Amino acid sequence: MAGIPERPTLDGIEDRWSEVWEADGVYRFDRTAARDQVFSIDTPPPTVSGSLHMGHVFSYTHTDTIARYQRMAGKDVFYPMGWDDNGLPTERRVQNYYGVRCDPSQPYVAGFEPPFRGDPPKDHRAVAISRPNFLELCDELVETDEKIFEALLRRLGLSVDWTLKYATIDERSRRASQRAFLRNIERGEAYSQEAPTLWDIDFRTAVAQAEMEDRERPGAYHKIAFPRSDGEGAIEIDTTRPELLAACVALVAHPDDERYQPLFGTTVRTPLYGVEVPVHAHELAQPDKGTGIAMICTFGDTSDVTWWRELNLPMRAIIGRDGRLLPDAPNDVDNAAYATIAGLTTKQAQTAVVQQLTESGALLGEPRPLQHPVKFYERGERPLEIVTSRQWYIRNGGRDAELRAELVARAGEVTWHPAHMRHRYENWVEGLNGDWLVSRQRFFGVPVPVWYPLDAAGEPVYDAPLLPDEALLPIDPSTDVPAGYESAQRDQPGGFTGDADILDTWATSSLTPEIAGRWEEEGSDLFGRIFPMDMRPQGHDIIRTWLFSTMVRSHHEFGVAPWSNAALSGWILDPDRKKMSKSKGNVVTPLDLFETYGTDAVRYWAASGRPGVDTAFSEDQMKVGRKLATKLLNVTKFVLMFGEGEGVAASTDAVTNPLDLSMLAKLDETVAEATAGFEAFDYARALERTEAFFWWFCDDYVELVKGRAYNSQGSDGATSAVAALQTALSTVQRLIAPIVPFAAEESWSWWNDGSVHAAAWPSTTGLGGDAKLVDPIIEVLTLVRRAKTEAKVSQRAEVTSVTVSAADDLHSAIELGRADLADAGTIKEFRVVAGQDLSCDVILAPTT
RNA sequence: GGGCGCAUAGCUCAGUUGGCUAGAGCGCUUCCCUUACAAGGAAGAUGUCGGGGGUUCGAGUCCCUCUGCGCCCACCA
């Protein structure tokens with residue numbers, strides 16, 4: 001117990017209490033707790049590729065309020081923190097930060113010093129470094145970034161147990177990721193396949209459907225004439241990608257389209273290249289698009305893939321993995337014509353092809369510009385291409401209706417907050433059109449844990465991958481050697497080769513419950529105590545990635561949904577209702593706001609955003625939060641002045657005055673509502689109810705009974721008032737603690753031992769007072785205040801007499817408040833007379 | 001094209017199963033240094049509850065419909 005300070009202040013309480021909480025292990029998870037005593041949280045590991053922003057502060061605060069509530073409600077809270085540091089975002093940051101790029105053909109340099117540490121000049125050309133050197137820099141940068149993240153989240157007051165920290169690149173994560181993936185392979189849930197794949201030409205990796213997004217880009221329709229093989233004129237098609245003409249394998253129109261029905265089964269010749277291609281019918285073709293007949297190329301977009309597959313068309317690939325046209329034409333394409341565009345970028349090739357078509361007369365009219373959506377990797381800068389490559393997939397229902405239905409049904413095991421977020425999940429799952437591509441041609445990630453035997457010709461036998469023993473995990477197939485082989489046999493005919501790819505970052509972060517819970521780690525029984533988890537908090541934008549992928553892995557491995565509740569948080573919006581974006585320069589750093597308003601105030605703003613609802617960034621709300629925190633300190637100081645230093649754990653037995661009981665009845669309602677709010681993961685409602693009571697308590701009730709508490713009406717009245725004040729104070733401090741943990745702890749510490757965050761969640765007093773009894777009395781107080789305000793005198797000014805006119809049924813209540821009102825309003829004479837609506841005749845004492 | 005959400009005071013939002021004259025905070029106006037708090041306190045003004053129709057004794061709340069805004073998905077020649 002710290003005692004009451006002279007001048008309560010919020011300054012510095014964050015650092016002070018953070019240290020105490022850490023030292024006392026207030027948030028430490030008890031690993032012996034049984035499953036039904038535990039509340040486990042599948043914390044979203046932030047991507048370690050930059051800085052934490054207000055969106056993080058917003059949603060992490062939401063989760064923390066729930067964690068704190070559950071802890072006070074008696075649960076042993078499993079609240080870990082992780083860092084999502086593997087994958088492309090980190091690689092890109094390393095490239096930009098150090099001015100390097102990974103080139104696996106480079107030799108390792110021991111003790112390598114990067115050219116820069118932070119902000120290389122714009123004209124700097126990235127230095128090519130070996131994969132091990134690159135990975136070392138990844139590790140280095142991630143370590144410093146994570147320290148900064150941890151400091152900020154501690155400052156935010158998150159009640160995480162920092163001893164449970166993990167990172168998605170750490171050894172345990174790699175082990176869990178590889179173990180789960182191997183089991184997917186063994187059960188047939190993961191497979192590798194050579195297939196057309198969405199490909200980012202800058203990152204030079206395959207990407208998944210979930211990571212793809214549309215962006216509006218300018219383009220142009222080009223009308224091209226394909227001469228008919230029978231010599232009867234030409235077929236005109238519109239295309240936005242004339243550069244793919246050499247990759248054309250067919251034309252396609254809708255089967256019902258009478259314009260083209262006579263031509264189905266005939267052939268045409270491609271301009272410039274003279275390749276004979278058939279005219280096909282397919283329902284996917286849209287008669288109202290362009291000329292109603294399209295050229296199919298391998299591959300211009302995803303519908304080309306569909307047509308190519310369903311119409312059994314040949315392959316004429318011309319785009320390489322670097323986004324440039326391949327050096328050699330496909331087999332049956334005139335290589336002389338193709339040579340003029342070989343090696344060009346798609347953009348350069350388009351210019352060249354258009355010029356050639358114009359010269360040959362095959363281009364009809366001028367290109368017609370248009371804006372159209374183009375597919376991008378969500379982190380990419382140039383449009384995705386489609387190339388054929390061998391990749392690993394995990395089955396997610398995209399090619400299997402039965403599995404899809406099972407995954408949709410899993411949503412029913414989860415309570416969604418807010419409920420409509422379930423639709424987004426179902427919508428996504430039902431719209432899947434392919435399995436989950438998990439391999440990436442990148443470097444900083446969990447290696448695909450397989451090798452392939454090489455046949456006599458040195459070709460990999462992909463159908464018979466060599467899998468490691470689980471006990472040896474994690475492995476790196478580029479350095480580790482499969483059982484039964486010698487290191488010298490690597491990449492030798494008859495030997496083996498390691499899979500060079502890594503797993504997509506989601507393939508690991510989809511296992512956060514397993515990673516955090518030390519799934520199948522030797523000597524740990526933790527997982528059984530925390531899984532399935534109670535809560536998955538996350539942004540609604542990653543339902544299709546993180547939420548869904550976690551569901552897929554849990555479904556395959558455990559046949560159960562990984563959590564019982566999913567809490568989806570909204571976006572932060574600019575005050576002008578636009579989604580907050582970094583480019584607009586309107587991003588305020590969290591630390592500045594913590595300094596300006598105090599952490600509690602920022603948390604207050606965050607907690608006022610209802611679950612799942614986009615919320616405007618508002619410093620005004622933070623000011624209100626700061627007021628609340630300040631008020632909590634001040635009213636605590638005031639109430640404790642009456643306790644003679646020892647009013648701790650006030651007994652409600654002493655509360656006898658009906659007004660005090662009425663206040664406690666209101667408090668009981670508040671406790672019930674706040675509890676119901678938190679139970680439903682609605683921290684905003686809990687806050688709103690608590691706050692409404694708190695301000696009423698401070699502004700009205702405390703003012704009303706202040707005099708009595710000062711002993712103006714004898715010791716029984718004072719005892720009742722003080723006991724009621726203390727009961728309410730103790731309760732409010734605990735109700736508000738999940739939202740403003742620092743001010744709550746500070747004020748609690750003045751008169752209690754131990755942390756408020758380890759205290760029991762308040763229960764109702766059950767004293768059965770009449771909550772409404774005190775209302776007309778407060779109303780009279782307000783009328784007296786109004787009279788003074790209108791007379792422009794101090795509230796302390798003396799009142800000669802007050803005549804209250806009120807309906808008969810209020811008289812007894814007002815009588816009960818007579819003495820308190822006289823004190824609070826400095827009223828000499830107080831009368832109650834019969835009347836209709838409540839009104840007051842206030843006669844002020846003459847001022848001198 | 002399909003799905004979901006939102007629309008209440010100048011602003012940000014509450015309004016839970018339909019029920020007294022529709023609420024809060026911010027902002028605004030006026031006043032007050034009052035022995036917890038002047039980085040405070042008291043009081044006040046402000047609404048065709050997006051439009052139209054329906055159910056009902058009664059609709060911000062339920063049903064239909066229209067409009068506007070936002071998000072997700074599909075389409076992408």
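Heads up: the structure comes first, above all this text.
What you see is a predicted model; the values in this text were computed from it and never measured.

Participant: Tell me about the protein's contact with RNA strand B, and please be specific about residues and values.
Facilitator: Taken together, 48 residues lie near RNA strand B, and Asp-238, Ala-294, Lys-375, Arg-544 and Arg-786 sit nearest. Within the contact set of RNA strand B, a phosphate oxygen lies 3.5 Å away from a side-chain nitrogen or oxygen of Ser-303. Within the side chain of Asn-427, an N or O atom sits 3.4 Å from a base nitrogen of RNA strand B. Those elements giving two or more residues to the surface near RNA strand B turn out to be β9 (212-227), β10 (234-239), α6 (302-310), β15 (363-377), α10 (421-430), α17 (619-641), α19 (683-709) and α22 (775-790). Among the residues making up the surface near RNA strand B, the classes are represented as 14 nonpolar, 14 polar and 20 charged.

Participant: So what about the pairing of strand β13 (residues 276-281)? Which residues, and what values?
Facilitator: The pairing of strand β11 (residues 248-253) with β13 spans three bridges and is classified as parallel. Following the sheet pairing, Ala-253 is matched in β13 by Ala-281. Bridge count between strand β12 (residues 267-269) and β13: three bridges; the pairing is antiparallel. Looking at the pairing, Thr-267 lines up with Pro-278 of β13. Linking β12 to β13, which pair antiparallel, is a turn of six residues; within it Leu-272 sits at a positive phi near 70°.

Participant: Now, about the packing of aromatic side chains: what can you tell me, with residues and values included?
Facilitator: The description of an aromatic ring pair uses the distance of the two centres, along with the angle that the planes make with each other. Scanning the model with the defined rule gives 34 aromatic pairs in all. Ring geometry for Phe-134 versus Phe-443: centroids 6.1 Å apart, planes at 80°, classification edge-to-face. Here Phe-134, found in helix α4 (residues 131-155), pairs with Phe-443, found in the loop between β19 (439-440) and β20 (451-453); they are 309 residues apart in sequence, far enough to count as distant. According to the relative accessible area criterion, Phe-134 is buried, its value standing at 0%. Residue Phe-443 is classed as buried on the basis of its relative accessible area of 13%. Here the aromatic rings of Trp-416 and Tyr-425 are separated by 5.5 Å at their centres, their planes lie at 45°, and the arrangement is tilted.

Participant: Help me get a handle on the nonpolar core, residues and values and all.
Facilitator: In terms of nonpolar packing, the biggest core is built from 120 residues, with Trp-605, Met-622, Met-663, Phe-697, Leu-704, Leu-725 and Phe-830 touching the most fellow members. It is α19 that provides the largest number of residues to this core, a total of 14 residues. Non-local contacts of Leu-704, meaning those with residues more than four positions away in its chain, are made with Leu-659, Val-774, Ile-777, Ile-778, Leu-781, Asp-820, Leu-821 and Ala-824. Membership of the second largest hydrophobic core comes to 68 residues, among which are Met-421, Val-429, Ile-530 and Leu-568.

Participant: Residue-level account of the sheet that holds strand β17 (residues 415-417), with values.
Facilitator: Ordered in space as β17-β24-β23, the three strands form an open sheet in which the pairing is parallel. Only two strands of the sheet have a single partner each, and these edge strands are β17 and β23 (536-539). For this sheet, the mean angle separating the axes of adjacent strands, direction not counted, is 20°. As defined by bridge partners, β23 adjoins strand β24 (residues 565-569) across four bridges and the pair is classed as parallel. Bridged to Arg-536 within β24 is Ala-566.

The rules behind these values
Residues numbered from 1 in each chain as written. Chains lettered and ligands numbered in written order. Predicted model: local features only at pLDDT ≥ 70, side-chain atom pairs only at ≥ 80, totals over all residues. Heavy atoms only, no water. Near = heavy atom within 4 Å. Polar contact = N/O pair within 3.5 Å; in protein donor to acceptor, adjacent residues only side chain to side chain. Helix = DSSP H or I, 4+ residues; strand = E, 2+ residues; numbered from the N terminus. Nonpolar A, V, L, I, M, F, W, Y, C, P; charged D, E, K, R; others polar. Pairing = 2+ DSSP bridges. Phe/Tyr/Trp six-rings, centres within 6.5 Å; stacked < 30°, edge-to-face > 60°. Buried < 20%, exposed > 50% of the residue type's maximum accessible area, 1.4 Å probe, protein only. Core = buried A, V, L, I, M, F, W, Y, C linked by side-chain atoms within 4.5 Å. Contact = heavy atoms within 4.5 Å. Axes fitted to C-alpha atoms, helices over the stretch in contact; angles between N-to-C directions.

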